[in-house]
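Reading the structure
For reference, the chains in residue letters:
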Amino acid sequence: MEAKTLIKAFYGREARYSYWTGCSGGGREGLLQAYRYPNEFNDIIAGDPANIRRNAWALWLAVQTFKDSDAYISPEKYPMIHCAVLDACDANDGLKDGLIEDPENCHIDFKALQCKAADGPDCLTPRQVHTAQTIISPATTRTGKVLFPRLEPGPELGWARLAGGPSPADLFLDEFRYVVYQDRKWDWRAFDLERDSAKADAIDKDIDDLDPHLASFAKQGGKLLIYHGWADQQVAPGSSIEFYKSVLTLSANPEQAANWIRLFMVPGMGHCLGGEGPDTFDKISLIEQWIEQGKVPEKIIAAHQTAGKVDRTRPLCPYPQVAHYNGTGSIDDASNFTCRLPQ
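Summarised in this report is the structure supplied together with it. None of these values were measured; they are calculated from a predicted model.

1. So, the pairing of strand S5 (residues 223–229)
On a regular strand, one side chain projects to one face of the sheet and the next to the other, so that they alternate. Counting buried positions along S5 gives seven out of seven residues, so the element sits mostly inside the fold. Where burial is concerned, the two faces of S5 agree: the one with Lys223, Leu225, Tyr227 and Gly229 and the one with Leu224, Ile226 and His228 are both buried. Summarising the sheet, strand S2 (residues 43–47) and S5 pair through five bridges and their orientation is parallel. Looking at S5, one finds that Ile44 is bridged to Leu224. Across six bridges, S5 lies against strand S6 (residues 261–266) in parallel orientation. Along S6, the bridge assignment pairs Leu224 with Ile261. Note that the unit made of S5, helix H10 (residues 238–250) and S6 has a crossover that is right-handed.

2. Brief notes about the packing of aromatic side chains
Considering all chains together, one arrives at 14 aromatic pairs under this definition. Between Tyr227 and Phe281 the ring centres are 5.2 Å apart and the planes differ by 85°, which places this aromatic pair in the edge-to-face class. In this pair, Tyr227 sits in strand S5 while Phe281 sits in the loop between S6 and helix H11 (283–292), placing the two residues 54 residues apart along the sequence. Plain terms: the ring middles of Tyr244 and Tyr319 are 6.4 Å apart, the flat faces sit at 90° to each other, and that makes the pair edge-to-face. Residue Tyr244 is found in helix H10, and its partner Tyr319 is found in the loop between strand S8 (309–316) and strand S9 (322–325); the two are separated by 75 residues along the sequence. Like Tyr319, Tyr244 is buried. Through a chain of ring-to-ring contacts, the aromatic side chains of Phe176, Tyr181, Trp186 and Phe191 assemble into a single cluster. When the ring centre of Phe281 is taken as reference, the NZ or CZ atom of Lys283 above it lies at 4.6 Å.

3. Considering the environment of Thr125
Looking at the secondary structure, you find Thr125 in the loop between helix H4 (78–89) and helix H5 (126–135). By relative accessible area, which is 18% here, Thr125 ends up buried. Residues Thr125 and Lys111 lie 14 residues apart in sequence; the distance between their C-alpha atoms is 9.3 Å. Ignoring anything within four residues of it in the chain, the contact list for Thr125 reads Asp70, Cys115 and Asp119.

Calculation criteria
- Residues numbered from 1 in each chain as written.
- Predicted model: local features only at pLDDT ≥ 70, side-chain atom pairs only at ≥ 80, totals over all residues.
- Heavy atoms only, no water.
- Buried < 20%, exposed > 50% of the residue type's maximum accessible area, 1.4 Å probe, protein only.
- Helix = DSSP H or I, 4+ residues; strand = E, 2+ residues; numbered from the N terminus.
- Pairing = 2+ DSSP bridges.
- Right-handed = clockwise from strand over helix to strand, strands pointing away.
- Phe/Tyr/Trp six-rings, centres within 6.5 Å; stacked < 30°, edge-to-face > 60°.
- Lys NZ or Arg CZ within 6 Å of the ring centre and 35° of its normal.
- Contact = heavy atoms within 4.5 Å.

See below:
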(Lines give C-alpha, C1' and ligand atoms only; values in the text may rest on other atoms or scores of the structure.)
Protein backbone atom coordinates (compact mmCIF):
# COMPACT_ATOMS: atom_id res chain seq x y z
CA MET A 1 0.00 0.00 0.00
CA GLU A 2 1.16 3.52 -0.82
CA ALA A 3 0.67 4.76 2.74
CA LYS A 4 2.96 2.07 4.15
CA THR A 5 5.58 2.88 1.52
CA LEU A 6 5.47 6.57 2.45
CA ILE A 7 5.71 5.78 6.19
CA LYS A 8 8.76 3.61 5.65
CA ALA A 9 10.41 6.23 3.45
CA PHE A 10 9.80 9.01 5.97
CA TYR A 11 10.54 7.19 9.22
CA GLY A 12 13.06 4.69 7.91
CA ARG A 13 11.13 1.70 9.30
CA GLU A 14 7.91 -0.21 8.82
CA ALA A 15 4.76 0.91 10.62
CA ARG A 16 4.24 -1.14 13.80
CA TYR A 17 0.47 -1.34 13.38
CA SER A 18 -2.04 -0.66 10.62
CA TYR A 19 -5.64 0.21 11.50
CA TRP A 20 -8.70 0.75 9.33
CA THR A 21 -11.82 2.62 10.34
CA GLY A 22 -14.70 3.53 8.05
CA CYS A 23 -18.48 3.76 7.99
CA SER A 24 -21.15 3.07 5.36
CA GLY A 25 -19.22 2.52 2.10
CA GLY A 26 -16.07 2.66 4.23
CA GLY A 27 -17.49 -0.05 6.47
CA ARG A 28 -18.13 -2.26 3.45
CA GLU A 29 -14.62 -1.59 2.16
CA GLY A 30 -13.18 -2.57 5.53
CA LEU A 31 -14.92 -5.94 5.43
CA LEU A 32 -13.74 -6.46 1.86
CA GLN A 33 -10.19 -5.65 3.00
CA ALA A 34 -10.41 -8.26 5.78
CA TYR A 35 -11.32 -10.94 3.22
CA ARG A 36 -9.13 -9.96 0.28
CA TYR A 37 -6.03 -8.64 2.03
CA PRO A 38 -6.00 -10.35 5.45
CA ASN A 39 -2.40 -9.32 6.15
CA GLU A 40 -2.76 -5.59 5.48
CA PHE A 41 -4.42 -4.45 8.71
CA ASN A 42 -4.06 -5.46 12.33
CA ASP A 43 -7.51 -4.15 13.19
CA ILE A 44 -10.54 -3.09 11.18
CA ILE A 45 -13.49 -1.07 12.46
CA ALA A 46 -16.45 -1.35 10.09
CA GLY A 47 -19.42 0.88 10.86
CA ASP A 48 -22.89 0.43 9.35
CA PRO A 49 -21.43 -1.52 6.39
CA ALA A 50 -23.33 -0.61 3.23
CA ASN A 51 -23.98 -4.16 2.05
CA ILE A 52 -24.30 -3.82 -1.73
CA ARG A 53 -27.49 -5.89 -1.71
CA ARG A 54 -29.24 -2.98 -0.06
CA ASN A 55 -29.61 -1.33 -3.50
CA ALA A 56 -32.13 -3.96 -4.61
CA TRP A 57 -33.85 -3.70 -1.22
CA ALA A 58 -34.10 0.09 -1.58
CA LEU A 59 -35.69 -0.17 -5.03
CA TRP A 60 -38.09 -2.82 -3.76
CA LEU A 61 -39.12 -0.44 -0.97
CA ALA A 62 -39.55 2.38 -3.51
CA VAL A 63 -41.91 0.25 -5.59
CA GLN A 64 -43.80 -0.78 -2.47
CA THR A 65 -44.03 2.61 -0.78
CA PHE A 66 -44.38 5.40 -3.35
CA LYS A 67 -44.74 4.02 -6.87
CA ASP A 68 -48.48 4.19 -6.15
CA SER A 69 -49.43 7.63 -4.81
CA ASP A 70 -52.04 6.05 -2.54
CA ALA A 71 -49.27 4.14 -0.77
CA TYR A 72 -47.20 7.24 -0.03
CA ILE A 73 -46.92 8.39 3.58
CA SER A 74 -46.25 12.10 3.97
CA PRO A 75 -43.27 12.97 6.22
CA GLU A 76 -45.66 15.07 8.29
CA LYS A 77 -47.00 11.78 9.64
CA TYR A 78 -43.60 10.38 10.66
CA PRO A 79 -43.58 11.90 14.19
CA MET A 80 -46.98 10.38 14.90
CA ILE A 81 -45.79 6.97 13.71
CA HIS A 82 -42.56 7.27 15.68
CA CYS A 83 -44.46 8.03 18.89
CA ALA A 84 -46.64 4.96 18.30
CA VAL A 85 -43.56 2.77 17.86
CA LEU A 86 -41.99 4.10 21.06
CA ASP A 87 -45.25 3.59 22.93
CA ALA A 88 -45.29 -0.02 21.76
CA CYS A 89 -41.65 -0.95 22.33
CA ASP A 90 -39.69 1.61 24.34
CA ALA A 91 -40.44 -0.03 27.70
CA ASN A 92 -39.77 -3.61 26.52
CA ASP A 93 -36.33 -3.47 28.16
CA GLY A 94 -37.86 -2.37 31.47
CA LEU A 95 -36.98 1.31 31.01
CA LYS A 96 -38.91 4.05 29.24
CA ASP A 97 -36.12 6.28 27.98
CA GLY A 98 -36.96 7.14 24.39
CA LEU A 99 -34.75 4.34 23.01
CA ILE A 100 -35.58 0.86 21.73
CA GLU A 101 -32.73 -1.21 23.13
CA ASP A 102 -33.70 -4.45 21.35
CA PRO A 103 -35.64 -3.72 18.13
CA GLU A 104 -35.50 -7.38 17.05
CA ASN A 105 -38.11 -8.05 19.73
CA CYS A 106 -40.24 -5.04 18.79
CA HIS A 107 -43.43 -6.04 17.00
CA ILE A 108 -46.02 -3.43 16.15
CA ASP A 109 -49.31 -3.60 14.28
CA PHE A 110 -49.88 -0.31 12.47
CA LYS A 111 -53.57 -1.10 12.09
CA ALA A 112 -53.96 0.64 15.44
CA LEU A 113 -53.19 3.90 13.58
CA GLN A 114 -55.77 3.36 10.83
CA CYS A 115 -58.12 6.28 10.30
CA LYS A 116 -61.58 5.79 11.74
CA ALA A 117 -63.04 8.17 9.17
CA ALA A 118 -61.38 10.47 6.63
CA ASP A 119 -57.63 10.71 6.18
CA GLY A 120 -55.92 13.07 8.59
CA PRO A 121 -52.49 14.03 10.00
CA ASP A 122 -52.90 11.80 13.05
CA CYS A 123 -53.83 8.53 11.30
CA LEU A 124 -53.01 6.26 8.35
CA THR A 125 -55.24 5.18 5.50
CA PRO A 126 -55.58 1.40 5.01
CA ARG A 127 -53.08 1.59 2.13
CA GLN A 128 -50.65 3.61 4.27
CA VAL A 129 -50.96 1.03 7.04
CA HIS A 130 -49.75 -1.54 4.51
CA THR A 131 -46.87 0.77 3.54
CA ALA A 132 -45.76 1.22 7.14
CA GLN A 133 -45.91 -2.52 7.75
CA THR A 134 -43.88 -3.14 4.59
CA ILE A 135 -41.12 -0.76 5.68
CA ILE A 136 -40.48 -2.83 8.82
CA SER A 137 -40.75 -6.15 6.98
CA PRO A 138 -37.93 -7.99 5.19
CA ALA A 139 -37.76 -8.22 1.40
CA THR A 140 -38.79 -11.75 0.55
CA THR A 141 -39.35 -13.88 -2.54
CA ARG A 142 -42.74 -15.29 -3.44
CA THR A 143 -41.83 -18.45 -1.55
CA GLY A 144 -40.86 -16.53 1.58
CA LYS A 145 -37.06 -16.58 1.27
CA VAL A 146 -35.58 -13.46 2.88
CA LEU A 147 -33.37 -11.55 0.44
CA PHE A 148 -32.67 -8.62 2.75
CA PRO A 149 -33.68 -7.90 6.35
CA ARG A 150 -36.10 -5.24 7.48
CA LEU A 151 -35.67 -1.64 8.51
CA GLU A 152 -36.01 -1.96 12.28
CA PRO A 153 -38.59 -0.07 14.35
CA GLY A 154 -37.13 3.23 15.58
CA PRO A 155 -35.94 5.36 12.62
CA GLU A 156 -39.41 6.51 11.52
CA LEU A 157 -38.34 10.18 11.54
CA GLY A 158 -35.84 9.23 8.80
CA TRP A 159 -38.13 7.10 6.61
CA ALA A 160 -37.90 9.70 3.83
CA ARG A 161 -34.45 8.40 2.90
CA LEU A 162 -36.04 5.24 1.49
CA ALA A 163 -39.76 6.00 1.28
CA GLY A 164 -39.86 9.75 0.65
CA GLY A 165 -39.88 9.67 -3.16
CA PRO A 166 -40.63 10.86 -5.71
CA SER A 167 -37.86 8.56 -6.99
CA PRO A 168 -35.16 6.45 -5.33
CA ALA A 169 -31.90 8.17 -4.44
CA ASP A 170 -29.21 7.91 -7.11
CA LEU A 171 -27.07 6.06 -4.56
CA PHE A 172 -29.43 3.08 -4.85
CA LEU A 173 -30.60 3.55 -8.42
CA ASP A 174 -27.32 3.96 -10.27
CA GLU A 175 -26.22 0.32 -9.93
CA PHE A 176 -29.24 -0.77 -11.94
CA ARG A 177 -29.15 2.08 -14.46
CA TYR A 178 -25.46 1.97 -15.24
CA VAL A 179 -24.24 -1.50 -14.25
CA VAL A 180 -27.07 -4.03 -14.36
CA TYR A 181 -29.00 -2.64 -17.35
CA GLN A 182 -26.47 -0.13 -18.72
CA ASP A 183 -29.30 2.20 -19.61
CA ARG A 184 -29.43 5.64 -17.98
CA LYS A 185 -33.14 5.83 -18.88
CA TRP A 186 -34.00 2.57 -17.15
CA ASP A 187 -37.26 3.04 -15.22
CA TRP A 188 -37.12 1.96 -11.58
CA ARG A 189 -40.89 1.39 -11.66
CA ALA A 190 -40.19 -1.77 -13.67
CA PHE A 191 -38.06 -3.22 -10.87
CA ASP A 192 -38.82 -6.85 -10.01
CA LEU A 193 -37.29 -8.03 -6.74
CA GLU A 194 -36.50 -11.63 -7.63
CA ARG A 195 -35.37 -11.02 -11.21
CA ASP A 196 -33.35 -7.86 -10.66
CA SER A 197 -31.77 -8.76 -7.34
CA ALA A 198 -30.52 -11.98 -8.94
CA LYS A 199 -29.03 -9.98 -11.84
CA ALA A 200 -27.30 -7.60 -9.43
CA ASP A 201 -26.03 -10.43 -7.22
CA ALA A 202 -24.43 -12.12 -10.23
CA ILE A 203 -22.59 -8.90 -11.14
CA ASP A 204 -21.60 -8.05 -7.56
CA LYS A 205 -20.18 -11.48 -6.78
CA ASP A 206 -16.43 -11.27 -6.18
CA ILE A 207 -16.55 -7.48 -6.65
CA ASP A 208 -18.65 -5.72 -4.00
CA ASP A 209 -20.45 -8.61 -2.34
CA LEU A 210 -19.27 -9.29 1.22
CA ASP A 211 -17.65 -12.64 1.93
CA PRO A 212 -17.77 -13.95 5.53
CA HIS A 213 -14.85 -16.36 5.06
CA LEU A 214 -12.42 -14.47 7.31
CA ALA A 215 -10.36 -17.35 8.70
CA SER A 216 -7.18 -15.97 7.12
CA PHE A 217 -7.70 -12.57 8.75
CA ALA A 218 -8.24 -14.22 12.14
CA LYS A 219 -5.26 -16.56 11.69
CA GLN A 220 -2.82 -13.69 11.19
CA GLY A 221 -4.06 -12.06 14.40
CA GLY A 222 -6.46 -9.51 12.93
CA LYS A 223 -9.24 -8.00 15.03
CA LEU A 224 -12.59 -6.94 13.57
CA LEU A 225 -15.04 -4.61 15.30
CA ILE A 226 -18.37 -4.05 13.54
CA TYR A 227 -20.92 -1.53 14.79
CA HIS A 228 -24.32 -0.64 13.37
CA GLY A 229 -27.03 1.81 14.42
CA TRP A 230 -30.33 0.12 15.26
CA ALA A 231 -32.07 3.25 13.90
CA ASP A 232 -30.14 3.20 10.61
CA GLN A 233 -32.49 4.69 8.02
CA GLN A 234 -30.39 3.69 5.00
CA VAL A 235 -28.94 0.20 5.52
CA ALA A 236 -31.01 -2.44 7.31
CA PRO A 237 -29.20 -3.17 10.62
CA GLY A 238 -29.98 -6.86 10.30
CA SER A 239 -27.58 -7.11 7.37
CA SER A 240 -24.65 -6.67 9.77
CA ILE A 241 -26.12 -9.23 12.16
CA GLU A 242 -26.54 -11.63 9.25
CA PHE A 243 -22.90 -11.13 8.18
CA TYR A 244 -21.61 -11.49 11.75
CA LYS A 245 -23.48 -14.76 12.29
CA SER A 246 -22.13 -16.10 9.00
CA VAL A 247 -18.57 -15.26 10.06
CA LEU A 248 -19.08 -17.12 13.34
CA THR A 249 -20.52 -20.16 11.55
CA LEU A 250 -17.59 -20.27 9.13
CA SER A 251 -14.95 -19.56 11.75
CA ALA A 252 -12.31 -22.20 12.31
CA ASN A 253 -13.11 -22.05 16.01
CA PRO A 254 -16.54 -20.45 16.60
CA GLU A 255 -16.21 -20.69 20.39
CA GLN A 256 -13.05 -18.56 20.28
CA ALA A 257 -14.28 -16.12 17.63
CA ALA A 258 -15.22 -13.50 20.23
CA ASN A 259 -11.48 -13.00 20.77
CA TRP A 260 -11.09 -11.50 17.29
CA ILE A 261 -14.53 -10.34 16.11
CA ARG A 262 -17.16 -8.29 17.94
CA LEU A 263 -20.45 -6.75 16.81
CA PHE A 264 -21.95 -3.80 18.68
CA MET A 265 -25.47 -2.62 17.85
CA VAL A 266 -26.16 1.02 18.76
CA PRO A 267 -29.69 1.81 20.03
CA GLY A 268 -31.18 4.96 18.55
CA MET A 269 -28.26 5.74 16.23
CA GLY A 270 -28.98 6.54 12.58
CA HIS A 271 -26.74 5.76 9.61
CA CYS A 272 -23.21 6.11 11.03
CA LEU A 273 -24.19 8.96 13.34
CA GLY A 274 -27.06 11.05 14.64
CA GLY A 275 -30.41 9.98 15.99
CA GLU A 276 -31.80 9.87 19.51
CA GLY A 277 -29.24 7.46 20.95
CA PRO A 278 -25.59 7.76 22.04
CA ASP A 279 -23.63 7.76 18.77
CA THR A 280 -20.10 8.86 19.68
CA PHE A 281 -17.29 6.71 21.05
CA ASP A 282 -13.48 6.60 20.90
CA LYS A 283 -12.82 4.04 18.18
CA ILE A 284 -9.05 4.48 18.00
CA SER A 285 -8.51 3.89 21.72
CA LEU A 286 -10.60 0.73 21.47
CA ILE A 287 -8.50 -0.80 18.72
CA GLU A 288 -5.22 0.29 20.33
CA GLN A 289 -6.20 -1.45 23.56
CA TRP A 290 -7.39 -4.55 21.72
CA ILE A 291 -4.30 -4.94 19.54
CA GLU A 292 -1.55 -3.42 21.66
CA GLN A 293 -2.73 -4.43 25.14
CA GLY A 294 -4.83 -7.51 24.40
CA LYS A 295 -7.90 -5.93 26.01
CA VAL A 296 -10.99 -7.37 24.30
CA PRO A 297 -13.82 -4.76 24.25
CA GLU A 298 -16.45 -6.15 26.64
CA LYS A 299 -18.50 -2.98 26.28
CA ILE A 300 -18.18 0.46 24.71
CA ILE A 301 -19.17 3.70 26.45
CA ALA A 302 -20.95 5.89 23.92
CA ALA A 303 -22.21 9.44 24.35
CA HIS A 304 -25.07 11.55 22.99
CA GLN A 305 -24.65 15.29 22.63
CA THR A 306 -27.11 18.14 22.32
CA ALA A 307 -25.75 21.52 21.22
CA GLY A 308 -22.22 20.19 21.72
CA LYS A 309 -22.80 19.09 25.32
CA VAL A 310 -22.93 15.45 26.45
CA ASP A 311 -26.37 14.77 27.93
CA ARG A 312 -26.39 10.95 28.00
CA THR A 313 -23.91 8.08 28.11
CA ARG A 314 -24.81 4.46 27.64
CA PRO A 315 -22.86 1.19 27.30
CA LEU A 316 -22.92 -0.51 23.92
CA CYS A 317 -22.90 -4.26 24.39
CA PRO A 318 -21.46 -7.07 22.28
CA TYR A 319 -24.30 -8.63 20.29
CA PRO A 320 -26.60 -10.28 21.32
CA GLN A 321 -26.27 -8.64 24.75
CA VAL A 322 -28.18 -5.43 25.49
CA ALA A 323 -27.81 -2.74 28.17
CA HIS A 324 -30.10 -3.20 31.19
CA TYR A 325 -30.74 -0.48 33.78
CA ASN A 326 -29.61 -1.53 37.24
CA GLY A 327 -32.60 0.17 38.86
CA THR A 328 -30.94 3.11 40.59
CA GLY A 329 -29.19 6.28 39.53
CA SER A 330 -29.53 8.45 36.47
CA ILE A 331 -30.74 6.75 33.31
CA ASP A 332 -28.37 9.07 31.43
CA ASP A 333 -25.25 7.64 33.11
CA ALA A 334 -23.65 4.54 31.58
CA SER A 335 -22.37 3.38 34.97
CA ASN A 336 -25.93 2.50 35.97
CA PHE A 337 -26.31 -0.12 33.23
CA THR A 338 -25.11 -3.69 32.82
CA CYS A 339 -24.68 -5.70 29.60
CA ARG A 340 -26.60 -8.97 29.56
CA LEU A 341 -28.62 -11.17 27.25
CA PRO A 342 -32.19 -9.98 26.54
CA GLN A 343 -34.85 -11.62 28.66
